[in-house]
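What follows is each chain in one-letter form.
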Amino acid sequence: MITTDMDVQASVEKTDGVKTKKSMLTYLTRILRYIYSHANIFFVCIKLTTLTLFLIYIAIPIFVRANQWILPKVVFSNLIRWPPFINLSNPSEFGLNNTRNFHLEVDKDVTIGAWHILPKSMHIDNVNIPWDAFEDELDNGKQIFLYLHGNSGTRGSYHRVQLYNLLSKLDFHVVTIDYRGFGDSSGEPTENGVVHDAYFTYKWLKQRVGDSKIFIWGHSLGTGVTTKLAKKLCEEGDRPAGIVLESPFNNIQEAAFHHPFSSPYRMLPWFEWVFVEGIGEHGIFFNSEENILSVTPHILILHAKDDYIVPFHLGEKLYMKAKDTRSHKTGSVEFISFEGHHGYGHKLIYKSPELPQIVRQFVSHSKTSQVP
């Protein structure tokens, strides 16, 4: 009997096929034995997975829709602060020297906490400026930044303090507040309420600054406060010298839709009805793309491309809206982007070595240009 190469190859392939089938059967047998011997653990894992999915995709949306009061708490997150126990009445504990802590009564039942950081040129080693002299210095010719922070935390949050220091080193006064319900301020935050807090502070400053210029700097949620405040001031004929929008969004609905916490729910057909539309039902819109149309001073927008809290494209949308409505009767709008490899994200733009020069140029341009 003659055996050909083809016969040998076929025999080998048949043998390999048999071995493969045996290996698969052996593997499946081992899996079944493992499941059988660990049946309790296996079924507990299935139950836990099912329960987790039920809580995430069914129970939580039902709870939120039935308890809409929770949405403003999420938007403002004013109860979230780190570190949890801090003494805002002593700014030196945050590394802020020559800083005055004070309070403003903005409404009958609402008092807000504030800090006033003096320009660097006024810092004198081992010399404490009297508290009552701080207000007198507001009209000393140095420009003023009113800083409006984002959600969660307080005016003492680390990244905010670093920006105060930067602006102070550039020789500006810095005044910052905690909105109602934040930090040591009383009351509960609402959109109109926090804007009123900022408006009251601006008017308080305006009475004390003489010929000095006031700039408004908003970050994150504070950009929504800033644009709405600036619109109101411009409509009154009391426009600020300029506004800076750091990590801004175009409106709160799109910001909520693209927030990383919402990512597990976006695929659900009822996502917008439960979470996004529910925010508007509480009067929270922060519609910056509409408000910015009435803002006539110079506008500077700062946004990092690796911002995953407020995505970069939302800042671009706001910029394009503002840019399309600029005219000879308004100031300019400038958009400065920061590449993702710097790692600035949502809160660390203050680290940019270019930022001091960017701010200097913006202030200089705003001071020398006259908006009709």
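Rules behind the numbers
Per chain, residues are indexed from 1 in the order of the written sequence. Restriction of local features to residues with pLDDT of at least 70 applies here, the model being predicted, together with a cutoff of 80 or more for giving and counting side-chain atom pairs; totals for whole chains, interfaces and linings are based on all residues. With hydrogens and water set aside, each side-chain value is computed from the structure's full complement of heavy atoms. What makes a salt bridge here is a side-chain nitrogen of Lys or Arg within 4 Å of a carboxyl oxygen of Asp or Glu, nothing more. Comment: elements are numbered from the N terminus, with helices defined as DSSP H or I runs of at least four residues and strands as E runs of at least two. Burial classes: relative accessible area under 20% of the type maximum marks a residue as buried, over 50% as exposed, and values in between as partly exposed (1.4 Å probe, protein chains only). In a helix, the anticipated span is given by 1.5 Å times the number of residues less one. Relevant arc is that of directions from the helix axis to the C-beta atoms, nothing else. For the purposes of these results, a polar contact is taken to be a pair of N or O atoms within 3.5 Å, where, inside protein, one atom must be able to donate a hydrogen and its partner to accept one; residues adjacent in sequence count only when each atom of the pair is a side-chain atom. Classification of ring pairs uses Phe, Tyr and Trp, with its six-membered ring standing for Trp, and accepts pairs whose centres are within 6.5 Å; under 30 degrees between planes counts as stacked, over 60 as edge-to-face, and the remaining range as tilted. Here, a strand pair is defined by DSSP locating no fewer than two bridges between the strands. In this analysis an axis means a line fitted to C-alpha atoms, helices contributing only their contacting stretch, and an angle means the value between N-to-C directions, from 0 to 180 degrees. Note on contacts: a residue pair is in contact if any heavy atoms of the two residues lie within 4.5 Å. What makes a nonpolar core is a set of buried Ala, Val, Leu, Ile, Met, Phe, Trp, Tyr and Cys residues whose side-chain atoms join them at distances within 4.5 Å. Consider the strands pointing away from the viewer: the crossover is right-handed when the path from the first strand over the helix to the second runs clockwise.

We now examine the pattern of salt bridges. All told, the structure shown has 15 salt bridges when counted by the stated rule. A salt bridge links E191 to K228, with the shortest nitrogen-to-oxygen separation between them at 2.8 Å. Of the two residues, E191 sits in helix α6 (residues 191-206) while K228 sits in helix α7 (residues 221-236), which places them 37 residues apart along the sequence. With a relative accessible area of 4%, E191 lands in the buried category. Residue classification places K228 among the partly exposed positions, given a relative accessible area of 23%.

Here we come to helix α11 (residues 312-324). The end-to-end C-alpha distance of α11, which contains 13 residues, comes to 19 Å, matching closely the 18 Å that a straight helix rising 1.5 Å per residue would cover. Turning to α11, its buried residues are F312, L314, G315, L318, Y319 and A322. Looking straight down α11, one finds that the buried residues subtend no more than 165 degrees of arc, so they occupy a single side.

When you line up the elements, N101 lands in strand β1 (residues 99-107). Here the side chain of N101 touches W115 through a polar contact of 3.2 Å, side chain to side chain. A polar side-chain atom of N101 sits 2.7 Å from a polar atom in the side chain of R155.

What follows covers the packing of aromatic side chains. For the structure shown, the criterion picks out 13 aromatic pairs. Taken together, a centroid distance of 5.2 Å and an interplanar angle of 25 degrees make the contact between F102 and W204 stacked. Residue F102 is found in strand β1, and its partner W204 is found in helix α6; the two are separated by 102 residues along the sequence. Neither F102 nor W204 differs from the other in exposure class; each is buried. Aromatic side chains F145 and W217 sit 5.9 Å apart centroid to centroid with 65 degrees between the ring planes, which places their arrangement in the edge-to-face category. In this pair, F145 sits in strand β3 (residues 144-148) while W217 sits in strand β5 (residues 214-219), placing the two residues 72 residues apart along the sequence. With respect to burial, F145 and W217 carry one shared label: buried.

Our next topic: unusual backbone geometry. At S77, a residue that is not glycine, the phi angle is positive and equals roughly 45 degrees. Structurally, S77 can be placed in the loop between α3 (70-76) and β1. One non-glycine residue, N98, lies in positive phi territory at about 50 degrees. Mapped onto the elements of the fold, N98 is located in the loop between α3 and β1.

What holds strands together in a sheet is hydrogen bonding between their backbones, with the strands either parallel or antiparallel. With mixed pairing, 8 strands are arranged side by side in an open sheet as β1-β2-β4-β3-β5-β6-β7-β8. Only two strands of the sheet have a single partner each, and these edge strands are β1 and β8 (333-338). Adjacent strand axes in the sheet meet at a mean angle of 20 degrees when their direction is disregarded. Inspection of the sheet shows β5 paired to strand β6 (residues 242-246) by 5 bridges, in the parallel sense. When the bridges of β6 are listed, F215 appears paired with G242. Relative to the sheet, α7 contacts β3, β5 and β6, its axis offset from that of β5 by approximately 145 degrees. Across the face of the sheet, α11 comes into contact with β6, β7 (298-304) and β8 while running at roughly 165 degrees to β8.

Okay, the nonpolar core next. Counting residues in each nonpolar core, the largest one holds 52 residues, and the members touching the most others are L148, L205, V225, F249, I252, F286 and I299. When near neighbours in sequence (up to four residues on either side) are disregarded, V225 contacts L148, Y179, V194, V195, A198 and F286. If you look at the next biggest cluster of nonpolar residues, it comprises 32 residues, including I117, F145, V161 and I336.

Along any regular strand the residues' side chains alternate between the sheet's two faces. Inspection of the sheet shows β7 paired to β8 by 6 bridges, in the parallel sense. Bridging from a neighbouring strand, H303 pairs with S337 of β8. Note that the unit made of β7, α11 and β8 has a crossover that is right-handed.

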